[in-house]
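# Working through the structure, step by step
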Amino acid sequence: MPDLLFELFSEEIPARMQGRAADDLKKLVTDKLVDAGLVYEGATAFATPRRLALAVQGIPARQPDLREEKKGPRVGAPEKAIEGFLKSAGLTDIAQATVQKDPKKGDFYVALVEKAGRPAIDVLAEILPLVVRTFPWPKSMRWGSGRLTWVRPLHSIVATFGPETEDPDIVPFAVDGIAAGDTTRGHRFLSPGDFRVKHYDDYVQKLLDAKVVLDPARRRDIVLHEARQLAFAQGYELVEDQGLLDEVAGLVEWPVVLMGSFDPAFLKIPGEVIRSTIRANQKCFVVRDPKTGTLAPKFVLVSNTEASDGGKAIVAGNERVIRARLSDAKFFYETDLSTRLEDRLKKFDQIVFHEKLGTQAERIARIERLAVELAPLVGADVEKVRRAATLCKADLLTEVVGEFPELQGLMGKYYALAQGEDAAVAAACEEHYKPQGPADRVPTDPVSVALALADKLDILVGFWAIDEKPTGSKDPYALRRAALGVIRVILDNKLQINLSSIIQAHQRSLNEKLQGAEAGFDADLLAFFADRLKVQLREQGARHDLVDAVLALAAQDDLVLVVRRVEALAKFLDTEDGKNLLAGVKRATNILRIEEKRDGTRYSGAVEAGLFQDAEERQLAQAIEAAQHEAEAAVAREDFAAAMAAIATLRPHVDAFFEKVTVNADDKAVRANRLRLLDGIRAATLAVADFSRIEG
């Protein structure tokens, strides 16, 4: 079957837009092909700085013929309705339609419409220009006198269609005066001439000959491999950066890796500042000494051309720019060191954190109060926590963080150490922002832990107080991330703290400042934590139904205990006793639900021993009382394995009861007593989890 080759050649496409654009091109074209009845075998899209390309394999040469029934108006409808129906169905006379009878709605006309499929190349001639004109660029522009809007001026279009073994046809269309053809261009400097292309394989090879690597994944591999090798050859180690790697692969069509150097005197600046300066201004990588782990006075750049001088002029140009930028960074850093962190804090009185939550100074005060309250609960020194809370945001007002916001916190640590602060205080200035994502590390030092929890809990309580909660996919204040951060800090450090009381206390403190704020929102916030905990546990492999079964009844204050209970429940249900008891509990629950619905009453409360007629009833009742007592005692001492073992003793008695005893006895009192016994089974298992929520 024929293949499609489609290329849109333009001026440089921003690197950040290329990946999404390739995906959009593939989806737009293939969706329209399927809608037209042209089901293809495969499709691949690529992007370079100057082109978007799509190859679609195995497209049928022709659309299938269509045969469908078209429903028309009722028999006896007005003449204009009949005329409209005939026109839309392609009929000349109503006698060409059939009459379909409907006893409810009356008789109506039906036309059998047969539509012959068209050649696929004609369909493509309609689809492709529409895709070009409606392409969803985040930003686009116009140029010259044309009406087309595109991310950058569009120069040419390749659109060929045909079997791989033959010369393809050109799909006949034009967009804004640019006619589709079979000619493209290579590298802007190394091979700027035009050349004809046929199919995908021919296209890729001719681009490669013209110094263009089409596949961005291959460009990334080339850059990473050559950068590693170049660094290794000179005794260094590349500091890898996936984001930068993706970006530079989108800036070049023919990657050439070179190494430059800078004055070793700049190494007195923190390494992260050097790296951010070089990365932001020149899109270059840094290298380190593998023996010491510290940065070396070298950098790796990626050029888009093979220079006749081996790249000397390119390296020299980058060195000049980097020297100037590092001089600026050194000036910023030294200027920052001349002012103590606490001397910057007065400016926070004039900086609004949020119009409803006050200034940044008020937020810092709230964090400090909460962190001091948390300090004893996490084993932290109160005065160190107080000092860290006072200083933790001060670096936001420094020159370096103003230039490189991604270094907030980290620079606070460096400045705190430089002015002689305790190491734990300095570390907390950096680590109170952590974790900022699933791959980020969790603070473990008690001072950092107290401050990290206070920072995130203040954010959550504050925005809940002013009813700025996440809705759907919208979370402008990253509250989901903050909640997950709290959960990870608590779980990773195995902190058994009462979230409810902490939230309520902070709420009361905040309400003193927020006149008219509603109290009681802590319950809603705890439910939010429960939802985030479910996400966290599911990502770690926990069964969602077991998480629901525990959270349905367990207090959500102590997250560590919730996790331990879920783990114990999972182990129990993996045993034969656990599986069989679950089946018995579900059977009891189902019988109760049916009978309670039928009778319109709830069967709960104490059973009457005098109504027992079978030994199995008496034995089950005794087993329930003993198991429930032991399970509740075990839960109270946080021994969830023992609680599960206590519940497991019910299994033989439940099995024997269902085997020997008829629940729906003729005697109404006996029947009600036996139903209350079933409720006892349900109540006993609630000591550990809500078994009704467990699947299986």
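Conventions adopted
- Residues numbered from 1 in each chain as written.
- Predicted model: local features only at pLDDT ≥ 70, side-chain atom pairs only at ≥ 80, totals over all residues.
- Heavy atoms only, no water.
- Helix = DSSP H or I, 4+ residues; strand = E, 2+ residues; numbered from the N terminus.
- Buried < 20%, exposed > 50% of the residue type's maximum accessible area, 1.4 Å probe, protein only.
- Contact = heavy atoms within 4.5 Å.
- Areas by Shrake-Rupley, 256 points an atom, 1.4 Å probe, with all protein chains shown as cover.
- UniProt positions renumbered as here; feature names shortened; annotations may be inferred.
- Domains from an automatic or database assignment.
- Pairing = 2+ DSSP bridges.
- Axes fitted to C-alpha atoms, helices over the stretch in contact; angles between N-to-C directions.
- Parallel < 35°, antiparallel > 145°, perpendicular 65-115°, else oblique.
- Left-handed = near helix turned anticlockwise from the far one by under 90°.
- Salt bridge = Lys/Arg side-chain N within 4 Å of Asp/Glu carboxyl O.
- Nonpolar A, V, L, I, M, F, W, Y, C, P; charged D, E, K, R; others polar.
- Expected span 1.5 Å × (residues − 1).
- Polar contact = N/O pair within 3.5 Å; in protein donor to acceptor, adjacent residues only side chain to side chain.

## A short note on the overall build of the chain
Scanning the chain for helices and strands turns up 24 helices and 18 strands. In terms of overall dimensions, the chain has C-alpha extents of about 100 × 95 × 55 Å along its principal axes. Out of the 696 residues in the chain, the part that is buried amounts to 49%. The long-range share in the chain, meaning contacts at least 24 apart out of those at least 6 apart in sequence, stands at 68%. Carbon and sulfur atoms form 49% of the exposed surface of the chain, whose accessible area is close to 33,800 Å².

## Some remarks on the UniProt feature "domain: DALR anticodon binding" (unreviewed entry) in the chain
Those residues carrying the UniProt feature "domain: DALR anticodon binding" (unreviewed entry) are residues 584–682 in this numbering. The span residues 584–682 shows a helical share of 73% and a strand share of 0%, and its end C-alpha atoms are spaced 10 Å apart.

## A word on the domain arrangement of the chain
Domain assignment breaks the chain into domain 1 (3–62 + 120–209), domain 2 (66–115), domain 3 (216–337), domain 4 (343–541) and domain 5 (569–693). On a C-alpha basis, the centroid separation for the pair domain 2 and domain 3 is 72 Å.

## Brief notes about the pairing of strand β14 (residues 256–261)
Summarising burial for β14: five of the six residues are buried, a large majority. As defined by bridge partners, β14 adjoins strand β16 (residues 295–303) across six bridges and the pair is classed as antiparallel. Within β16, the position partnered with methionine 259 by the bridge is valine 300.

## Regarding the environment of arginine 587
Looking at where arginine 587 falls in the secondary structure, it is placed in helix α20 (residues 576–599). Distance from arginine 587 to phenylalanine 658, taken between C-alpha atoms, is 9.1 Å for residues 71 residues apart in sequence.

## Brief notes about the packing of helix α10 (residues 382–391) against helix α13 (residues 423–431)
Following both chains from N to C, one finds α10 and α13 inclined at 40 degrees, their axes separated by 9 Å at the closest point. Regarding the angle of α10 to α13, the classification is oblique. Here α10 and α13 pass one another in a crossing that is right-handed. Across the interface between the two elements, Lys384, Arg387, Ala388 and Leu391 from α10 touch Ala424, Val425, Ala428 and Cys429 from α13.

## Some thoughts on the sheet that holds β16
Judged by pairing direction, the sheet is antiparallel, and its four strands sit side by side in the order β13-β15-β16-β14 without closing on themselves. Pairing within the sheet leaves two strands with one partner each, and these edge strands are β13 (237–238) and β14.

## Side note on the pattern of salt bridges
All told, the structure shown has 57 salt bridges when counted by the stated rule. With a closest N to O distance of 2.5 Å, glutamate 595 and arginine 598 form a salt bridge. With glutamate 595 and arginine 598 both in helix α20, this residue pair falls three residues apart, about one helical turn. Of the charged contacts, one joins arginine 598 and aspartate 599 as a salt bridge, the two residues approaching to 3.9 Å between their closest N and O atoms. Taking the relative accessible area as the measure of exposure, aspartate 599 reaches 31% and is therefore partly exposed. Connected through salt bridges with shared partners, the residues Arg363, Arg366, Lys393, Asp455 and Asp458 form a single ionic network.

## Points about the packing of helix α9 (residues 360–378) against helix α16 (residues 499–511)
Interaxial distance between α9 and α16 falls to 11 Å at its minimum, and their mutual angle equals 155 degrees. Put simply, α9 runs roughly antiparallel to α16. The element α9 and its partner α16 pack so that their crossing is right-handed. Residue-level contacts link Arg366, Arg369, Leu370, Glu373, Leu374 and Leu377 of α9 to Ile502, Ala505, His506, Ser509 and Leu510 of α16. Here the residues of the contact of α9 with α16 sort into six nonpolar, two polar and three charged.

## Focus: the sheet that holds strand β5 (residues 98–100)
As summarised here, the arrangement of the three strands in space is β4-β6-β5, forming an open sheet in which the pairing is antiparallel. Because the sheet does not close on itself, it has two edges, and the strands there are β4 (66–74) and β5. Between one strand axis and the next, the sheet turns by 40 degrees as a mean value, whatever way the strands run. In the sheet, β5 pairs with strand β6 (residues 108–115) via three bridges, with the strands oriented antiparallel. Among the inter-strand pairings, valine 99 is bridged to a residue of β6, identified as tyrosine 109. Along the sheet face, helix α2 (residues 79–89) touches β4 and β6 and points at about 175 degrees away from the line of β4.

## As for helix α8 (residues 312–337)
An α-helical turn contains 3.6 residues, so any two residues separated by three or four positions project in the same direction. Relative to the 38 Å expected for 26 residues at 1.5 Å per residue, α8 spans 37 Å between its end C-alpha atoms, a close match to the ideal helical length. Of the surrounding elements, those touching the buried residues of α8 are β14, α7 (271–282), β16, α11 (399–403) and α12 (410–418).

## What about the environment of isoleucine 94?
Relative to the helices and strands, isoleucine 94 resides in the loop between α2 and β5. Separated by 16 residues in sequence, isoleucine 94 and valine 110 place their C-alpha atoms 9.7 Å apart. With sequence-adjacent residues up to four places away left out, isoleucine 94 is seen in contact with Ile82, Phe85, Leu86 and Tyr109.

## Examining the side chain of glutamine 63
The topology assignment puts glutamine 63 in the loop between β3 (51–57) and β4. A polar contact of 2.7 Å, which involves the side chain of glutamine 63, links it to the backbone oxygen of alanine 36. Among all residues touching glutamine 63, those that are not within four sequence positions of it are Ala36, Leu38, Gly117, Arg118 and Val123.

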